[in-house]
Amino acid sequence: MTQRRQNRPPHSPSPRAADRGRVRFDRPEFGRLLGGLAAQGYQVIGPTVRDGALVYASVTSPDELPVGWTDEQTGGSYCLKRRNDAALFGYTLGPQAWKPYLHPPTVRLWRARAGHRELDRLPEPAADPPKYAFLGVRACELQAIAIQDKVFLGGDFVDPWYRRRREGVFLVAVHCGQAGGTCFCASLNTGPKATFGFDLALTEVIEAGRHYFVAESGTDRGAAVLRDLSTQPATPAELAAADRIVADAAAHMGRELDTRGLKELLTRNYEHPRWDDVAGRCLTCANCTMVCPTCFCTTVEEVTDLTGEHAQRWRKWDSCFTTEFSFIHGGSVRASPRSRYRQWLTHKLATWYDQFGTAGCVGCGRCIAWCPVGIDLTEEVRAIRRSDGVTLAQQLTA
Ligand code: SF4
Ligand code: SF4
C-alpha cells in the first residue's frame, strides 16, 4: 500500500470514476464558481494578500485573490513578488495552513460560576461554526488535513470541535503550477498533484494568450457545482498543457528528502552529535510547529476573573519546543534545546509512523521558510544520514 493511500481518511470523499472526465472553463467563469458556492451557503475561504504574505481569509470575488502575485521562499525567508501575468494561483504556499479553520488556536471548553454546579453549555463559535468552502487547497495540504482527520477523528476519542468544523467542508483543490524553494512534497509522494480528498480540483493554465482552468470533480457535490458553470470538454491539447504544468512543478522542487529507512535512521541516531549542532542554532521559538499543517498539540489553561466568581477552561495550541510542554513534577522532561528539536524531528519522521501509519510531514516547507534562523529539516536529516554508522570518535576527529 502506498503512503498516499494510507493517508486517505475513511470518511474522505471518494472519487467517482464517472465524474473523473476533465472539463475546461475560462477565467471569466471563476466568479460564478465563487457565487455558486456562496449561494449554497458556503463561506468561501481562499488566499488573499495581507501584510506582505498570503493569508487564507474570506473571499467573495476573484479580485480578492492574489491576482498576479507569486512568492519566493528559502530558509528563513519569504517574500511576495509580482508575476508578469494575472494568475489567481501563481504562488506556492503562505505561512498559514488551513489548520486554524479546523483546529482553532484557542477554544473555550467550558465556563462556570462559583456556587453553580452546572457548567454552561459549549459557547459559540465552536458549537456552530460556518459552513466552509476552502479554495486553492494544495495537494500537500489535503494530505495534512487527512493526517489531522486521523488524529482528531480516527481514534477512540473524537474531537467534537474539529468534527463540527470538518463536517461538510467543501474542498476546491488547485494542483501546483510551480514549486517553492522550500517544497519537497514530491519526496514524500504528497504532491504536487491532488489525487484524493477534494470535491473539485483545478489546474490553472495561462498560455498562448489564453487563461483557463482544467477541472475535475471528486464527489457528487463537486460535480453539481461544476454543472452550474459554463464548461467545455477539455481538448487533448488543453489536458496536455495542464499535465505539463504539474509535471514541471514536480521536477523543480526546491528541496529533497531521502525517505529510505528514515524511521530506522533517526531511531538509531538518538545520540548523534548533529542534535547538538542544530541546538546551537535553534531559538526554540516554536515557529515551525505553529506554521506546520500537521502539528496538533495543545495545552489546557484555566482562568478566573478578578472577583473569583467566574472560571473558564481554554484549550490552546502548544508546542514541543517549550519547556512547559513536557513539565511534570520536578521539572521539564526536555530541558535542553537539543532534546526538544530531536523530539520534534523524530516525531515527525519516525514515531509518527508508529502512531498514525504515515509520516507527520507532508513536505510543505513552511517550517524551513518561517524558521527565523533558516533551520532546514531536510538538511538535518541529510547530515545525519551522511555520517550514519560512523562512530562518535570518528566524527569528532573528522
Ligand atoms: S527550528 Fe527554527 S522555527 Fe523551530 S523552534 Fe528552532 S528556531 Fe524556531
Ligand atoms: S514538518 Fe515542516 S515541511 Fe513537514 S509538514 Fe510540517 S511545516 Fe511542512
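Here, the structure is the one placed above.
Let me begin by describing the structure that accompanies this report. All of these numbers come straight from a predicted model, not from anything done at the bench. (Residues numbered from 1 in each chain as written. Chains lettered and ligands numbered in written order. Predicted model: local features only at pLDDT ≥ 70, side-chain atom pairs only at ≥ 80, totals over all residues.)

Some details on the overall build of the protein
Argument step 1. Looking only at helices and strands, the protein features 15 helices and 15 strands.
Argument step 2. Residue burial in the protein is summarised as follows: out of 398 residues, 40% are buried.
Argument step 3. In the protein, once contacts between residues fewer than 6 apart in sequence are set aside, the share between residues at least 24 apart is 73%. (Helix = DSSP H or I, 4+ residues; strand = E, 2+ residues; numbered from the N terminus. Buried ≥ 20, exposed ≤ 12 C-beta atoms within 10 Å, placed from the backbone. Contact = placed C-beta atoms within 7 Å.)

Some points on unusual backbone geometry
Argument step 1. Of note, the bond from Gly 191 into Pro 192 is cis; its omega dihedral lies within 30 degrees of zero at 5°.
Argument step 2. By secondary structure assignment, the location of Pro 192 is in the loop between helix H6 (185-188) and strand E9 (200-207).
Argument step 3. We note that Ala 286 has phi near 80°; this positive angle belongs to a residue other than glycine.
Argument step 4. Within the secondary structure, Ala 286 sits in the loop between helix H10 (274-281) and helix H11 (287-291).

Concerning the sheet that holds strand E3 (residues 53-58)
Argument step 1. Strand order in this open sheet of 8 strands is E3-E2-E7-E8-E9-E10-E1-E11, and the pairing throughout is mixed. Either end of the sheet is taken by a strand with one partner, and the two such strands are E3 and strand E11 (232-233).
Argument step 2. Summarising the sheet, strand E7 (residues 132-137) and strand E8 (residues 170-174) pair through 4 bridges and their orientation is parallel. Counterpart to Val 137 in the pairing with E8 is Ala 173. (Pairing = 2+ DSSP bridges.)

Description of the environment of Gly 75
Argument step 1. Looking at the secondary structure, you find Gly 75 in the loop between strand E4 (69-74) and strand E5 (77-82).
Argument step 2. When the 19 C-beta atoms within 10 Å are taken as the criterion, Gly 75 is described as partly exposed.
Argument step 3. With sequence-adjacent residues up to four places away left out, Gly 75 is seen in contact with Ile 368, Cys 371, Gly 374 and Asp 376.

Things to note about the site of ligand 1
Argument step 1. What surrounds ligand 1 is the set Cys 282, Leu 283, Thr 284, Cys 285, Ala 286, Asn 287, Cys 288, Phe 321, Cys 371, Pro 372, Val 373 and Ile 375.
Argument step 2. Partitioned by chemical class, the residues of the shell around ligand 1 number 10 nonpolar, 2 polar and no charged. (Near = placed C-beta within 6 Å. Nonpolar A, V, L, I, M, F, W, Y, C, P; charged D, E, K, R; others polar.)

A closer look at the environment of Glu 207
Argument step 1. For Glu 207, the location among the structural elements is in strand E9.
Argument step 2. Taking the C-alpha atoms as reference, Glu 207 lies 8.7 Å from Ala 241; in sequence the two are 34 residues apart.

Things to note about the site of ligand 2
Argument step 1. Around ligand 2, the structure places Val 291, Cys 292, Pro 293, Thr 294, Lys 348, Cys 361, Val 362, Gly 363, Cys 364, Gly 365, Arg 366 and Cys 367.
Argument step 2. Residue composition of the shell around ligand 2, by class: 7 nonpolar, 3 polar and 2 charged.

A few points about the pairing of strand E1 (residues 23-26)
Argument step 1. Pairing between E1 and strand E10 (residues 210-217): 4 bridges, direction antiparallel. What sits directly across from Phe 25, in E10, is Phe 213.
Argument step 2. Looking at chain direction, E1 and E11 are connected through 2 bridges and run antiparallel. Its bridge partner lying in E11, Val 23 is registered against Pro 233.

Details of helix H4 (residues 139-153)
Argument step 1. In this model H4 runs 20 Å from its N-terminal to its C-terminal C-alpha over 15 residues, within 8% of the 21 Å that 1.5 Å per residue would give.
Argument step 2. Extensive coverage of H4 is indicated by the burial of 13 of its 15 residues. (Expected span 1.5 Å × (residues − 1).)

Considerations on the packing of H10 against helix H12 (residues 337-356)
Argument step 1. Contact geometry of H10 with H12 gives a least axis separation of 8 Å together with a crossing angle of 105°. Accordingly, the angle class assigned to the pair H10 and H12 is roughly perpendicular. Across from Trp 275, Asp 276, Val 278 and Ala 279 in H10, the residues of H12 making contact are Pro 337, Arg 338, Tyr 341 and Arg 342.
Argument step 2. In terms of residue class, the contact of H10 with H12 is built from 5 nonpolar, no polar and 3 charged. (Axes fitted to C-alpha atoms, helices over the stretch in contact; angles between N-to-C directions. Parallel < 35°, antiparallel > 145°, perpendicular 65-115°, else oblique.)

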